[in-house]
Amino acid sequence: MENHWNRRTFLQNTSAATIAALGLGSPIASLMAEPTNELAKKMATADTVILLWMAGGMAHTETFDPKRYTAYEKGMEGDRVLSTFKSIPTALDGINFSEGLESMASVMDKGTLIRSYVAADLGHILHSRHQYHWHTSYEPPQSVAAPHIGAWISKELGPKNPVIPSFIDIGQRFTVGEAEELKAFHTAGFLGNEHGPFMIPDPSQGLDSVRPPVGMNMKRFESRNQLYNNLISQSAHGEFGSDYQKESLRRSMEQAYILLNSPESKAFNLSTEPKEKYDKYNTGRFGLGCLLARRLTEQGARFISVTTEYEPFVGWDTHENGHTRLAGMKKMIDGPIAQLIKDLDETGHLDRTLVILASEFSRDMMVEGRPDLKVQEQVKQPEILNDIKFYGMHRHFTDGCSILMWGGGVKRGHVYGKTADERPCKSIENPVKIDGIHQTIYHALGIKPETQYEIEKRPFYTTPDGKGKAVQDLLV
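Since the structure is predicted, the reported quantities are computational estimates derived from the model, not experimental observations.

Enquirer: I tried to follow the sheet that holds strand E17 (residues 414–416) on my own but got confused; where do I start?
Expert: Ordered by their spatial adjacency, eight strands build an open sheet running E8-E7-E9-E2-E10-E16-E6-E17, and the pairing between neighbours is mixed. A single partner strand is all that each edge strand has here, and the edge strands are strand E8 (198–200) and E17. Averaged over all pairs of adjacent strands, the angle between strand axes in this sheet comes to 15°, irrespective of strand direction. By the bridge criterion, five bridges tie strand E6 (residues 111–117) to strand E16 (residues 401–406) in an arrangement that is antiparallel. Looking at the pairing, Tyr117 lines up with Cys401 of E16. In this fold helix H5 (residues 149–157) packs onto strand E2 (48–53), strand E7 (167–170) and strand E9 (303–307), with an angle of close to 165° to the strand it touches most, E9.

See below:
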């Protein structure tokens, strides 16, 4: 497939769309479909969404859809390897995970496993493009900045608790990896800044996000807030932004100020968590992010994203040492995610909280892209393995990925879709694409599938062209 895309062109187009969004006025609700109404909300099965984002490409055959296990032997043929971990049983009879996910396996009876997610064909694999597509449902570039799914939820439903930001992002930094590309989809776009993410890069320092810097009293803080408003008027927002965008930005600052002075701000202070429970989550930034997500859910958060964070050649981006790297990644996520589900279930919050675990695409040792549409090779994989660093899933695979869902109206103890047992381990039953995933989430929240706004004199839907449909078989 001829590649017309690279990092530079992606940046150029998404940056242009972001600047274009500044000049847009208030998004106009279409006469054909008013925004989410009270009747739709009453039929909702979820109030809150927690997205557990496995950034970098989580191999399905090494995690939630294990295949035939082949132990490492020096001199072995690479195409023999389908899974580098043994299978383990889950709480669902006949359904296995891969070794290292024992805790999550124990709570699988509380949720649904999708084994047939198919990522988009976007040409040459670029992590940030696929992540953009997953989080917005739109393929870049767009003439306007496509809103993140969290921003849509914030806009349509508003805050569950007016003190807690509607859209909270935990764990994502913009100082590592493809920073500008990642910023491109961490936005509310034309919906306005007040619906954009409240960023908490480090959950262990979450309290710092809601209080003035050390040594600054409230009077100085208020003075700086006024200075900030003045700077807004002199910035690109002030020069090019519409009145709607300016007012939305000011409202976002007001919301932050209200949170600063509220009792709910204590939820950001993880030091108040009992040590025994804290230790169960403390596997690093991601684990503590799950703990913070639980505490914010209890305080009335609407949408929370917790990410393992994408950084090239780090984490799930296993270009080498795939087996060894995944063993470490599993230790990071297994206990905290299972504990999150248990805690939410025990307190009754899981009934109305939809928890989703997903990644931009999967991985395979031999196939780059998908079997019928291979793309440019990015990883050299020898046919004969003489070094364990080549033992593991290195290439980017888009034709078979796993997604997990718990709570918020999805079925308990359910498996949807299937991938082939032999390479290529692609989806062979009930394939699901991103618009279906998004509309399933919106359906659970009571957001109508035809929701749209008029932008640049054309309708802009929650999913492209308003054609996405909820996967009803995932729901109770």
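Enquirer: When you look at unusual backbone geometry in this model, what are you seeing that I'm missing?
Expert: Most peptide bonds take the trans configuration, and most residues that are not glycine carry a negative phi. The residue after Pro140, namely Pro141, is reached through a cis peptide bond having omega 5°. In the segment running from Arg423 into Pro424, the intervening peptide bond is cis, with an omega of 0°. Tracing the chain through its elements places Pro424 in the loop between strand E18 (418–419) and strand E19 (427–429). Despite not being glycine, Glu309 has its phi angle at roughly 75°, a positive value. Considering the arrangement of structural elements, one finds Glu309 in the loop between E9 and helix H12 (322–346). Residue Glu309 is classed as buried on the basis of its relative accessible area, which comes to 7%.

Enquirer: For this particular structure, what's the right way to read the environment of Arg173?
Expert: By the element assignment, Arg173 lies in the loop between E7 and helix H6 (179–183). The spatial distance from the C-alpha of Arg173 to the C-alpha of Thr307 is 9.9 Å, given a sequence separation of 134 residues. Once residues within four sequence positions are removed from consideration, Arg173 is found in contact with Pro201, Arg285, Glu309 and Glu311.

Enquirer: Help me understand the pattern of salt bridges, please; the structure alone is not making it clear to me.
Expert: Pairing is possible between side chains that carry opposite charge, provided their charged atoms lie close to one another. Summed over all chains, the structure comprises 22 salt bridges. Across the salt bridge formed by Arg68 and Glu422, the nearest N and O atoms sit 2.9 Å from each other. You can see Arg68 sitting in the loop between E2 and strand E3 (76–77) and its partner Glu422 sitting in the loop between E18 and E19, a full 354 residues away along the chain. Taking the relative accessible area as the measure of exposure, Arg68 reaches 41% and is therefore partly exposed. Using a relative accessible area of 45% as the deciding quantity, one classes Glu422 as partly exposed. Measuring nitrogen to oxygen at the nearest pair gives 2.6 Å for the salt bridge that ties Arg363 to Asp317. In this pair, Arg363 sits in strand E11 (residues 362–364) while Asp317 sits in the loop between E9 and H12, placing the two residues 46 residues apart along the sequence. Each member of the pair, Arg363 together with Asp317, is buried. Linked through salt bridges whose partners overlap, the residues forming this network are Glu273, Lys277, Arg294, Arg295, Glu298 and Asp343.

Reading the values: the criteria
Residues numbered from 1 in each chain as written. Predicted model: local features only at pLDDT ≥ 70, side-chain atom pairs only at ≥ 80, totals over all residues. Heavy atoms only, no water. Pairing = 2+ DSSP bridges. Helix = DSSP H or I, 4+ residues; strand = E, 2+ residues; numbered from the N terminus. Axes fitted to C-alpha atoms, helices over the stretch in contact; angles between N-to-C directions. Contact = heavy atoms within 4.5 Å. Buried < 20%, exposed > 50% of the residue type's maximum accessible area, 1.4 Å probe, protein only. Salt bridge = Lys/Arg side-chain N within 4 Å of Asp/Glu carboxyl O.

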